[in-house]
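# Observations on chain architecture
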Amino acid sequence: MSGFAIAIMAAGRGTRLKSKRPKVLHEIGGRALLLHVIAAAAKVVPPGRIFCIVGHEADRVQSAVASTGVRFVLQAEQRGTGHALQQVKAYFAAHRQEVLPQHLLVLSGDVPLIRPETIAEICEVHLRERAAMTILTAVPPDPTGYGRVLRVRDDAPEVTAIVEQKSLRPEQMGAPEINSGIYCFETEALFAKLGSLSTDNAHREFYLTDVAAMLVVDGERVVAVKAASVDEVLGANTIAEMMHLDAAMRMETAKRLMAQGVTILRPDTCVIDAEVTVGADTTIEPYVQLLGATRIGSECRIRSYSVIQGSVLGDGVLVRNGCILDGAEVGNGAILGPYAHLRPESRIGEAAHIGNFCETKKVSIGKGSKANHLTYLGDAVIGAGVNIGAGAITCNYDGVRKHLTTIGDRVFVGSDSTLVAPVSLGDGAYIAAGSCITEDVPEDSLALGRSRQVTKAGWVSERRNKQKA
Ligand code: UD1
Ligand code: MG
């Protein structure tokens with residue numbers, strides 16, 4: 001799309017959210033509002049032609065989206081959407097080497113469900129209509145709170161003005177068509193009007209929306225185009241509105257996965273982030289959360305109440321109820337839980353079992369190894385075919401530093417053993433239950449690290465008899 005640049009208004013504080021976090025960094029579908037808008041914009045023009053207007057907590061907003069490669073325009077004081085575009089005009093005046101785009105598409109950082117197809121369509125309509133300003137609109141069930149777009153006639157594309165909610169006259173209150181906050185402008189026509197905006201309104205702000213009527217007065221063409229779906233242009237000004245969009249986006253994600261052969265029982269109860277991928281024939285039970293860039297293979301079953309964040313699961317994995325995975329990698333056919341806690345850098349091998357109340361961290365566990373009950377395995381390299389008995393733990397921390405435990409293949413670690421790192425158990429080693437292991441154990445050796453049992457025959461009856469006497 002040559003001749004087009006995109007400006008994204010993202011400088012506002014978001015007073016209605018009552019939150020310390022800048023509005024555009026609030027998340028829906030697990031991703032910041034602004035990142036959704038940038039992702040859609042970047043499908044239409046290259047990131048170097050996208051100008052993000054930042055202001056409130058500009059550094060924080062900028063660093064949150066810097067990796068996308070967009071440009072930034074600073075609006076140090078936030079005096080309204082018209083003022084935001086005045087900064088873009090000032091930016092181009094100050095950077096004369098930058099080519100002024102013929103058409104400027106304006107997006108709102110708080111209208112996150114906008115699709116690239118719709119952005120492209122506004123541009124097409126704009127060119128076809130030879131308009132100075134093209135406004136994306138919608139007719140939602142309840143238009144309260146939005147600016148209203150007034151057309152010349154109901155069936156005409158031409159617009160006479162955009163009127164903000166607080167400026168609606170009584171007879172305009174019923175106007176059903178809302179301004180989405182998304183527009184396409186002839187850059188020169190827009191820039192020519194920005195200087196004449198005033199703050200003579202309810203919010204004492206420069207309204208970008210006032211440009212519509214100003215262009216009309218000059219005989220310029222201002223047209224409206226309705227979005228295909230209302231949801232796509234809904235704004236996120238309050239937490240409630242944001243959660244409505246969040247639910248809509250997550251339902252879209254669930255539908256996308258189901259269309260790819262994933263069974264999601266009660267999708268309305270699951271929290272699935274937009275980036276998540278799941279293979280065909282996997283079943284996701286109710287009340288599961290799949291977050292971040294989680295990837296799940298095919299033919300898995302994720303049972304209820306599991307929360308899987310930033311993790312990669314192979315095929316045929318069974319995650320029983322209530323597991324928590326964060327930054328874990330799980331091989332094909334592994335079985336987890338119920339109630340297993342896999343912390344970052346847990347690498348669980350093919351067909352391994354990590355059972356109830358087991359915690360793992362920075363550990364690799366080989367093929368077919370099992371730790372089925374009540375263990376802590378941290379900072380360890382564990383081979384294949386190992387059995388870790390109930391209650392066994394790696395003592396990886398000496399109060400100052402972390403140390404490594406190495407366990408070879410086919411090792412048997414008896415229940416309630418403590419492996420005091422750094423320590424190494426050779427292939428085939430056998431650790432007697434209840435041992436405290438402080439020294440390396442060579443391969444195929446038995447290690448007992450416990451005091452001998454003492455049994456005193458008849459001791460109890462003797463004591464009983466003494467007490468009676
Ligand atoms: C705006 C429109 C309204 C429209 C609605 C759609 C105006 C005056 N009104 O209202 O007609 O129906 O969007 O969602 O434009 N921003 C800045 N700098 C500022 C102020 C705002 O960058 O000084 C940014 C905000 O971060 C936000 C966007 O502009 O991303 C819209 O601002 P907001 O205050 O949410 O405007 P609305 O009241 O929603
Ligand atoms: Mg808004």
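So, a few notes on the structure that sits alongside this text. (Residues numbered from 1 in each chain as written. Chains lettered and ligands numbered in written order. Predicted model: local features only at pLDDT ≥ 70, side-chain atom pairs only at ≥ 80, totals over all residues. Heavy atoms only, no water.)

A word on helix α7 (residues 239–259). Its 21 residues place the ends of α7 30 Å apart at the C-alpha level, agreeing with the 30 Å of an ideal helix rising 1.5 Å per residue. Within the span of α7, buried status applies to M242, L245, D246, A248, M249, R250, T253, A254 and L257. The inward-facing, buried residues of α7 abut β2 (27–28), α1 (33–41), β12 (263–264), β13 (271–272) and β14 (277–278). G261 occupies a position one or two residues after α7 and carries a positive phi of about 100 degrees. (Helix = DSSP H or I, 4+ residues; strand = E, 2+ residues; numbered from the N terminus. Expected span 1.5 Å × (residues − 1). Buried < 20%, exposed > 50% of the residue type's maximum accessible area, 1.4 Å probe, protein only. Contact = heavy atoms within 4.5 Å.)

This part is about the pattern of salt bridges. With the rule as written, the count across this model stands at 19 salt bridges. Taking the shortest distance from any N to any O, the salt bridge between D110 and K23 comes out at 2.8 Å. One end of the pair, D110, is in the loop between β6 (103–108) and α4 (116–128); the other, K23, is in the loop between β1 (4–9) and β2, with 87 residues separating them in the sequence. Comparing D110 with K23 shows no difference in burial state: the two are buried. The salt bridge involving R153 is made with D155; its shortest N-O contact spans 3.1 Å. In this structure R153 comes out as exposed when scored by relative accessible area, which is 51%. Residue D155 is classed as exposed on the basis of its relative accessible area, which comes to 63%. (Salt bridge = Lys/Arg side-chain N within 4 Å of Asp/Glu carboxyl O.)

Next up on the list: the packing of helix α3 (residues 81–94) against helix α5 (residues 187–194). Close contact between α3 and α5 brings their axes to 10 Å; oriented N to C, the two are set at 115 degrees. Classified by the angle their axes make, α3 and α5 are roughly perpendicular. Relative to α5, the crossing made by α3 is left-handed. Along its contact with α3, which presents G82, L85, Q86, V88, K89 and F92, the element α5 presents L190, F191 and L194. (Axes fitted to C-alpha atoms, helices over the stretch in contact; angles between N-to-C directions. Parallel < 35°, antiparallel > 145°, perpendicular 65-115°, else oblique. Left-handed = near helix turned anticlockwise from the far one by under 90°.)

Attention now goes to the coordination of the magnesium ion (ligand 2). Donor atoms from the polypeptide that coordinate the magnesium ion (ligand 2) comprise D110 (OD) and N237 (OD1), at 2.1 to 2.3 Å from the metal. You can see D110 sitting in the loop between β6 and α4 and its partner N237 sitting in the loop between β11 (222–226) and α7, a full 127 residues away along the chain. N237 carries the same exposure label as D110, and that label is buried. (Donors = N, O, S within 2.8 Å, 3.2 Å for Na, K, Ca; no water.)

The final tally for this structure, using the stated rule, is zero disulfides. Distance from the sulfur of C300, which forms no disulfide, to the nearest cysteine sulfur (C323) is 13 Å. Taking the relative accessible area as the measure of exposure, C300 reaches 3% and is therefore buried. With no disulfide partner, C395 has as its closest neighbouring cysteine sulfur the one in C436, 6.5 Å distant. (Disulfide = S-S within 2.5 Å.)

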